[in-house]
Structure formats: C-alpha cells, structure tokens
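If you want the building blocks of each chain, they are given just below.
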Amino acid sequence: MRLPPRTGAWRIVVAVALATVAASVVTTGCSAGLGGPPSSRAAVDGEIRFTFAPDPIWDYMNETGIVDEWQDDTGYTIDTSATWDEFGLFAGGHADIISTASFEVPYLEEQTQRETVIIGRYNAERSRILIREDDTAQSVEDLRGKRIGVFTTVSGTLVWSALIKQMHELNLVDAADGDSDFEIVVADIQNLSNLLARGEIDACVCYPDLSARELRDGSVKPLYDGKSSANLFAELDAPGHDGPMGNVFVARADWVKDNSEEVSAFLDLWNRGLAEWRSHRDEIIERYPQHFAVSTNEDIDFMKQYVNEHDWIVDSVRFDQQWAEDESSVFDLMRSTDIIGDDISEPTFLPSEEVSR
C-alpha cells in the first residue's frame, strides 16, 4: 500500500480528493454562500480576499452583523467569494486566504506554484467508520475481505489508511496499484450510509453529518467507540491534539509577510465566530440545516445532540508551536505506513500563540 515516492503520485492523489470533495459538498445542498458582494478579486490595500466554501458560521457572522461590525472596528474589509475553485483563485493571485485540509497543503503549493503558510485552524477531520447495527465486528480487522464504501480513495480515506495500517497491518486503499485487504466500493458521499443500511456494502468511511438519518434510526453504528480519524490520530500519535485538520486557513506566504496586521485581524474575526458557534450551536444548526445535510425536525434534533457531543470545530483559530508540531506528525504517520513518499514536506505553520505545555 504505497504511493510512489515522486510528487506526481501525490499530485494525482490529492487532485482526485479535491475534485471529489467539491462535488460531494455541492450535492449535499449547501446552497448558502459567503456574505458580501460579488468579488472583483483585485488586490486592494486594507482588503482581505477570502475564498471559502459555504459555511454556517460564516453565514451566521454575516447575517447577524458581526462581519460588518468587525470591518467598522478594524478599518479592513473582507472581499469574499463563494466558489469551489479555491485553488484556481489562489493560483491566479486572486485570493489571499483559502481553506483546505492540512494534509493537502503540499499539493496546494505544487499545483499553484505559490509558497503558503497555515495561519489558522478550523475543524478536525471528522469521518468515522460505520457498520450495520447487527454486525458483530469490533474493528476493521474483523472486516478483512468485506466491502468498504468510501467517497474517494484519497482525502480523509488516506488518513484512515494510515491508521488502519498502524493499528492492524492491513491495507485499506493503495493509490499506487489498487491492492487492498478489502473490497473497496467508491460511491457518492451522501449515499454511503444508506448503502450500508441496505446491505449493499459492509462498512463505510462516512461523515456523521451525512449519516444523520441512519445513525438516528440505529440502522448503522460506528466502530472504535465512535471516534473519528482525528480522535484516533490524537490517541495513537499525538496525545491531546485535535487534528489532523479537515480545514485550516492557508494564506500566500508573500501576502502574510506584508500584511501581518490583517492576518491578526482575520484570526480575531474567526475567533469571534468560533465563540458564537459555542454559544449558539443549536440555533446555527436550526438556521442552516442545509450545511449539515439534514432537513426533517427529527434529523435536525439528532444533529444538534450529536454535534454537542462530538464537535469537530476547534475552540480557537490560533495555535502555538507545539500544536503545529503535532499537526505535522500526520505526515510522519503517512510516511511510516508508506501512504506518501519521504520527499513530501510538511506545510509551513505560523503560530500566533506562545507554546503552552
């Protein structure tokens, strides 16, 4: 289960991941966009060009006037663009800050030929491995040879591949030659848990917010006590850590060098957003159910309870050097389990807090 140690393999792997993620999120009905007028995307002094996929916290900050208040207080403006082509805007120099998974940043740099810096964190990789309610499997080891559904053989599945190799010496997916100890079934992300409940697959790498109905009615259940890939990574490789991150805020290195005050202000705004999330989680889920792929009152209530118990949003967008080192260790894990080659470098992090030990 090894990707060839050349960056070409990494390029193919993550390109497929990003295309899959973009397509999947569109199909879940996340129709609300970023607040603000359409973007001209030309650099302007005092303006932060921010491209982000539709997001409930950002929508809430816009609709409740928090972004306007921040702009009045700081004198900065945020020029936002709701697009799934974050890489394209970034590559063309039309975005200062975008978001992607921390373990996908090396591809971002290679694809855009731009040096980047991770300036903030946002949410943890939240996928779980689910099985049917009547399945007696205790771990993935008990599923050897069975059908495991994934929405892509890369992206978050790569993290699970590393963890499964570490825990059980089994190959989940192999982007090099397809070898696996399981029968891998690639399917639409929002249908995976339904396929599982119907018995068309035996397990899935699924997101809880796209499995609300089946988790609520008890037709499926998670392995590993409901732990996400981020939870298991912390438990096995980085005690106390909250990653790897499904989304971090990534900025152009040259822009960060010349705009340190804007970077700090941007992080302050998002810390306000995270505080609003902690204080108004239920309201935000009710207000933007499309962002959580739920629509019925029963599923909305279930999602509110689930998120309150298994929140994947971090407490603070800022991080210290210790956190950056722990986050980088996901690359050590993927190298040691032959998921990526030794020549893949860790991203550059910009801590904005003192190390706390």
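An unreviewed UniProt entry annotates the chain as Nitrate ABC transporter substrate-binding protein of Rhodococcoides kyotonense. According to its UniProt record, the chain has this under Subcellular location (unreviewed entry): "Periplasm". For the record of the chain, the UniProt heading Sequence similarities (unreviewed entry) holds the text "Belongs to the bacterial solute-binding protein SsuA/TauA family."

> Which parts of the structure should I look at to understand the sheet that holds strand β7 (residues 183-186)?
Sheet strands pair by backbone hydrogen bonding; their relative direction is either parallel or antiparallel. Reading across the sheet, the 5 strands line up as β7-β6-β8-β5-β9 and stay open at both edges, with mixed pairing between neighbours. Each end of this open sheet is capped by a strand with a single partner; those strands are β7 and β9 (220-222). Recorded for the sheet is a direction-independent mean angle of 30° between the axes of neighbouring strands. Where strand β5 (residues 128-132) and β9 come together, 3 bridges link them in antiparallel fashion. Bridging across to β9, R132 finds its partner in V220. The strands touched by helix α6 (residues 156-168) within the sheet are β5, β6 (147-150) and β8 (203-206), with β5 carrying the most contacts at an inclination of about 80°.

> Please explain helix α3 (residues 66-74) as it appears in this structure.
Note on helix geometry: an α-helix contains 3.6 residues per turn, so any two residues three or four positions apart are oriented the same way. Burial in α3 covers these residues: I66, V67, W70 and Q71. One side of α3 carries all its buried residues, which in axial view fall inside an arc of 135°. Facing away from the buried surface of α3 by more than 90 degrees, the exposed residues are D72 and D73. Residues of α3 that are buried sit in contact with β1 (47-51), α2 (56-63), β2 (77-81) and α11 (260-279). Following α3 by one or two positions, G75 adopts a phi angle in the positive range, close to 85°.

> How do you make sense of the pattern of salt bridges when you look at a structure like this?
Side chains bearing opposite charge may pair, as long as their charged atoms lie close to each other. Taken as a whole and judged by the stated rule, the model has 21 salt bridges. The salt bridge partner of D96 is R49, with a shortest N-O separation of 2.8 Å. Remark: R49 occurs in strand β1 and D96 occurs in the loop between α4 (86-91) and β3 (97-100); sequence separation between them is 47 residues. Overall, the relative accessible area of 2% leaves D96 in the buried class. Put simply, E276 and R272 hold a salt bridge, and the shortest N to O gap is 2.9 Å. Of this pair, E276 and R272 both sit in helix α11, 4 residues apart, which is roughly one turn of the helix.

> Explanation requested: the nonpolar core in the structure shown.
Buried together is how nonpolar side chains tend to be arranged in soluble globular proteins. With 73 residues, the main nonpolar core has F50, I97, I119, F249, F266 and W270 as its most contacted residues. Ranked by residues supplied to this core, first place goes to α11 with 8 residues. Ranked by size, the runner-up nonpolar core spans 34 residues in total, among them V150, V205, L333 and I339.

> Is there a simple way to think about the pairing of strand β4 (residues 116-124) in this case?
Counting buried positions along β4 yields 9 of 9 residues, so the element is predominantly enclosed. Relative to strand β10 (residues 245-252), β4 runs antiparallel, the two sharing 7 bridges. Bridge pairing in β10 places N123 opposite N247.

> What is the right way to look at the packing of aromatic side chains in this model?
Here the structure, examined in full by the defined rule, presents 21 aromatic pairs. A ring pair is formed by W323 and F349, whose centres lie 6.1 Å apart and whose planes are at 75°; its orientation type is edge-to-face. You can see W323 sitting in helix α14 (residues 321-336) and its partner F349 sitting in the segment after α14, a full 26 residues away along the chain. Neither W323 nor F349 differs from the other in exposure class; each is buried. Members of the aromatic cluster, connected to one another through ring pairs, are F50, F52, W58, Y122, F249, F266 and W270. In this structure, R126 packs its charged tip against the face of Y207, placed 4.5 Å from the ring centre.

Calculation notes
- Residues numbered from 1 in each chain as written.
- Predicted model: local features only at pLDDT ≥ 70, side-chain atom pairs only at ≥ 80, totals over all residues.
- Heavy atoms only, no water.
- UniProt positions renumbered as here; feature names shortened; annotations may be inferred.
- Pairing = 2+ DSSP bridges.
- Helix = DSSP H or I, 4+ residues; strand = E, 2+ residues; numbered from the N terminus.
- Axes fitted to C-alpha atoms, helices over the stretch in contact; angles between N-to-C directions.
- Contact = heavy atoms within 4.5 Å.
- Buried < 20%, exposed > 50% of the residue type's maximum accessible area, 1.4 Å probe, protein only.
- Arc of directions from axis to C-beta.
- Salt bridge = Lys/Arg side-chain N within 4 Å of Asp/Glu carboxyl O.
- Core = buried A, V, L, I, M, F, W, Y, C linked by side-chain atoms within 4.5 Å.
- Phe/Tyr/Trp six-rings, centres within 6.5 Å; stacked < 30°, edge-to-face > 60°.
- Lys NZ or Arg CZ within 6 Å of the ring centre and 35° of its normal.

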